[in-house]
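# Inside the fold
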Amino acid sequence: MKIVAVTACPTGIAHTYMAAEQLEKTGRKLGHSVKVETQGAMGIENELSMEDIDEADLVIFAVDIAVQKRERFENLKIIEVGVQEAIKNPAALFNPVAK
């Protein structure tokens, strides 16, 4: 399954990237293709292309602040959680995919 994600926290220094790493690592482990865009202190990094978004079966927002350019994800199934949840229990975010 193809999954895209956005991670972002208020400072955008550590937790944004920790959540991105956890989602990518866990997604691969569960057999999914996962691309993660980070929105942190450096702005948007690894920005998802419209092709990535259009092909996605699921969107995960692991964010503690508003997602920039959120309109790109309209009409897609979105799971939205805080950054800490993505860091501490990333496998739970993929459960809806398995159902």
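Analysis parameters
- Residues numbered from 1 in each chain as written.
- Predicted model: local features only at pLDDT ≥ 70, side-chain atom pairs only at ≥ 80, totals over all residues.
- Heavy atoms only, no water.
- Helix = DSSP H or I, 4+ residues; strand = E, 2+ residues; numbered from the N terminus.
- Expected span 1.5 Å × (residues − 1).
- Buried < 20%, exposed > 50% of the residue type's maximum accessible area, 1.4 Å probe, protein only.
- Arc of directions from axis to C-beta.
- Contact = heavy atoms within 4.5 Å.
- Salt bridge = Lys/Arg side-chain N within 4 Å of Asp/Glu carboxyl O.

### Observations regarding helix 1 (residues 15-29)
- Compared with the 21 Å implied by 1.5 Å per residue over 15 residues, the 21 Å span of helix 1 between its first and last C-alpha is a close match.
- All buried positions along helix 1 are accounted for by Thr16, Ala19, Ala20, Leu23, Thr26 and Gly27. Looking down the long axis of helix 1, one finds its buried residues gathered within 145° of arc, a one-sided arrangement. Opposite the packed face of helix 1, turned more than 90 degrees from it, sit the exposed residues Glu21, Arg28 and Lys29.
- Next to the buried residues of helix 1 lie strand 1 (2-8), strand 2 (33-40), strand 4 (58-63), helix 3 (83-88) and helix 4 (90-93).
- Where helix 1 ends, the next residue or the one after it, Gly31, has phi of about 90°, a positive value.

### Looking at the pattern of salt bridges
- Tallied over the entire structure, the rule returns 6 salt bridges.
- Ionic pairing is found between Glu47 and Lys69, a salt bridge with its closest N-O pair at 2.9 Å. With a gap of 22 residues between them, Glu47 in the loop between strand 3 (43-45) and helix 2 (50-55) and Lys69 in the loop between strand 4 and strand 5 (78-81) connect regions that are remote in the sequence.
- Overall, the relative accessible area of 40% leaves Lys69 in the partly exposed class.
- Here Arg70 and Glu80 are joined by a salt bridge, their closest N and O atoms 2.8 Å apart. Placement of Arg70 in the loop between strand 4 and strand 5 and of Glu80 in strand 5 is noted, with a sequence separation of 10 residues between them.
- A relative accessible area of 45% means that Glu80 is categorised as partly exposed.
- Each of Glu37, Glu47, Lys69 and Arg72 takes part in one network of salt bridges that share partners.

### Section: the environment of Ile60
- With respect to the helices and strands, the residue Ile60 is situated in strand 4.
- With 21 residues separating them in the primary sequence, Ile60 and Val81 have C-alpha atoms 7.9 Å apart.
- Aside from chain neighbours lying at most four places away, what touches Ile60 is Ile3, Val4, Ala5, Val6, Leu23, Ile79, Leu93 and Phe94.

Read these as layout, nothing more, since geometry by itself doesn't imply function.
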